[in-house]
Amino acid sequence: MVLLFSKYSSFLVFLGIVISIAVVMILMPFWIRFLRKGSIGQQVRADGPQSHLVKQGTPTMGGVVMVLGVTVSALVVEAPIPETIVLLAATLLTAALGLIDDASKVIKERSLGLTPKAKLIGQFSIATVFCLVAVNTLGIAPTISIPFIATLDLGVLTTTIPLGAGGLAIPWLYLAFVDILLVGMCNAVNLTDGLDGLAAGTVMVVMIIMAVIAYRTDILTVSIFAAAVAGSCIGFLWFNAHTADIFMGDTGSLSLGMVLGCLAVLTKTEFLVLIIGGLFVAEALSVMIQVLYYRRTKKRIFLMAPLHHHFEKKGWGEMKVVVRFWIISGVLAALGFSIHFAQSLVGVL
C-alpha cells in the first residue's frame, strides 16, 4: 500500500478514513450479534432522563470494533513509525482500561464500573508514559503555543535521569500540563457519550480537523491516524444513530478522548485543542460547576449535568440535542482551525 500510493499523501489520508469505515461496518454486525447472544448490554443511570430507560440492555462495548478499525487502518495505510506505535499504544491501553470498566458494569449489572480512583490512576499512568516518550523519543518540545500571544516554555524545570545514552528528561511542568490535558479530554469525551450518536459525531468532526492540521504541518502519519479515528466514528454512527443498536461504552469514549489529547501534543496544538474540542470542555465544565455549586448551596445551576441532559430536561428531543451539538462542535472546530491557519500565515509573512 505504501509503495503504490506513497507519492499521493492526501490520498493516503482519505484511504485511512475508508479502511477504518470498512472494518467497522463489516465487523460491527457480528459484534452486535455476539453481545446480544451473551446478554451484554448497557446499564442505564437510575437518576437519568426517563426516556433513556428503554436503552437498558442495548449492546455496549462497540468501542472494541472502533479501536480495531483504527488499528488496522493505521498499520495498513503506511508503514508503522514511532509516532504510529506510540499513538496505538496509548489508544489500546486506554481502550483496555475502558473495557475493564465496561465489563465490570455488565457483571455487576449497574451503571458504575471501576472506581473513579482506579480509572484516574490508569489514565494518568498512560498519559505520563506518553508524555515522556513524546519528549524523549519523538522530539516533542515541552512548550505550549498560545496563538498570537506567546509560546510558553514549560521545560524550564527539567530533571534528567541517567538512563541509556542520553538519559531520561522529565520536564515537570510540561508533564503536569499534558497529564491534565489528556486525562481531562479522556473524561470529557466520556461525559459527552450520553446520547445516541453524540460522542461519535462530535469526535468525527474534531478528528477531521486534527487530520487536516497534521497534514498541513507535514506530519503524515499523525494525519492518517486522526483520519482513521474519524473513519471509525463514521462507521460506528451507522449503528449508533438514534435509536442506537449499540453503544461505544467506555472502551470507545475513553480511548477517543485520550487519542485527541495525544494528537494535540504531537501537532503542538495543546492550547488550540481546547477550542477545537470546545464542546467536550463545555460538557466537562458543566459537571464540575454543577457539583461545586451544589456542594456550596444545595442548589443546581443546570437541570441535569452533563450539559446535553440539561437540554433534554428543558424539552429538547434527543435528536435535536445531538444535531445541534454536532453543529456547535463543527463551529468550534472550524474556529480552532482558522486560528491555526491564520497563525501559520503570519509566520510565513
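What you see is a predicted model; the values in this text were computed from it and never measured.

About the criteria used
- Residues numbered from 1 in each chain as written.
- Predicted model: local features only at pLDDT ≥ 70, side-chain atom pairs only at ≥ 80, totals over all residues.
- Heavy atoms only, no water.
- Pairing = 2+ DSSP bridges.
- Helix = DSSP H or I, 4+ residues; strand = E, 2+ residues; numbered from the N terminus.
- Patch = residues over 30% accessible without salt bridge, like charges linked within 9 Å, V, L, I, M, F, W, Y side chains within 5 Å.
- Areas by Shrake-Rupley, 256 points an atom, 1.4 Å probe, with all protein chains shown as cover.
- Salt bridge = Lys/Arg side-chain N within 4 Å of Asp/Glu carboxyl O.
- 1 Å grid on protein atoms, 1.4 Å probe; cavity = no way out; pocket = protein on both sides within 12 Å on 5 of 7 lines; lining within 4 Å.
- Points joined across faces, edges and corners; volume = space filled by probe spheres on them.
- pLDDT = per-residue confidence, 0-100.
- Expected span 1.5 Å × (residues − 1).
- Buried < 20%, exposed > 50% of the residue type's maximum accessible area, 1.4 Å probe, protein only.
- Core = buried A, V, L, I, M, F, W, Y, C linked by side-chain atoms within 4.5 Å.
- Contact = heavy atoms within 4.5 Å.

1. Points about the pairing of strand β3 (residues 158-161)
1) Next: Pairing geometry for β3 and strand β4 (residues 168-171), over four bridges, is antiparallel. Across the sheet, residue T158 finds its bridge partner in β4, namely P171.
2) Next: Where β3 folds back onto β4 in an antiparallel hairpin, the turn is made up of six residues, including G164, whose phi is positive at roughly 70°.

2. Quick look at a nonpolar patch on the surface
1) Next: Together, L285, M288, I289, Y293 and I301 give the surface a local cluster of nonpolar side chains, amounting to about 440 Å² of exposed area.
2) Next: Mapping I289 onto the fold places it in helix α11 (residues 278-297).

3. Here's the deal with empty space enclosed by the protein
Rolled over the atoms, a probe sized like a water molecule indicates the empty space that remains.
1) Next: Inspection of every chain in the model, using the stated rule, returns two cavities of 30 Å³ or more.
2) Next: Here the largest cavity defines a volume of roughly 60 Å³.
3) Next: What lines the largest cavity is simply G63, M66, V67, V70, T91, V229, S232, G252, S255, L256 and V259.
4) Next: Sorting the residues of the lining of the largest cavity by element identifies α3 (63-77), α8 (220-240) and α9 (249-266) as the ones contributing at least two each.

4. Re the confidence of the model for the protein
1) Next: When pLDDT is averaged along the protein, the result is 91; 91% of the residues meet or exceed 70.
2) Next: Element-level mean pLDDT values for the protein span from 54 in helix α1 (residues 2-5) up to 98 in helix α10 (residues 273-276).

5. Concerning α8
1) Next: For α8, spanning 21 residues, the distance from its first C-alpha to its last is 30 Å, which sits close to the expected 30 Å at 1.5 Å a residue.
2) Next: Among the 21 residues of α8, 18 are classified as buried, and the element is accordingly described as predominantly covered.

6. Regarding unusual backbone geometry
1) Next: Cis geometry marks the peptide bond from H242 to T243, where omega comes out at -5°.
2) Next: When you line up the elements, T243 lands in the loop between α8 and α9.
3) Next: Phi is positive for F148, which is not a glycine, with a value near 65°.
4) Next: In this structure, K268 takes a positive phi of about 55° despite not being glycine.
5) Next: Counting through the fold element by element, K268 comes out in the loop between α9 and α10.

7. Thoughts on the nonpolar core
1) Next: The biggest cluster of nonpolar side chains holds 87 residues, and the ones touching the most others in it are M28, F130, Y174, L182 and M207.
2) Next: Each residue touching Y174, except ones within four places of it in the same chain, is listed here: C131, V135, I140, A141, P142, T143, I144, L154, V265, K268 and E270.
3) Next: Listed in part, the nine residues of the second largest apolar core include L198, L279, F302 and L307.

8. Concerning the layout of surface pockets
1) Next: For the second largest pocket, the calculated volume is near 170 Å³.
2) Next: Lining the second largest pocket, in full, are S10, V13, F14, I17, M207, I208, A211, V212, Y215, S223, A227 and A230.
3) Next: Where the lining of the second largest pocket is concerned, the elements lending two or more residues are α2 (9-37), α7 (198-216) and α8.
4) Next: Broken down by element, the lining of the second largest pocket gets its largest block of residues, five residues, from α7.

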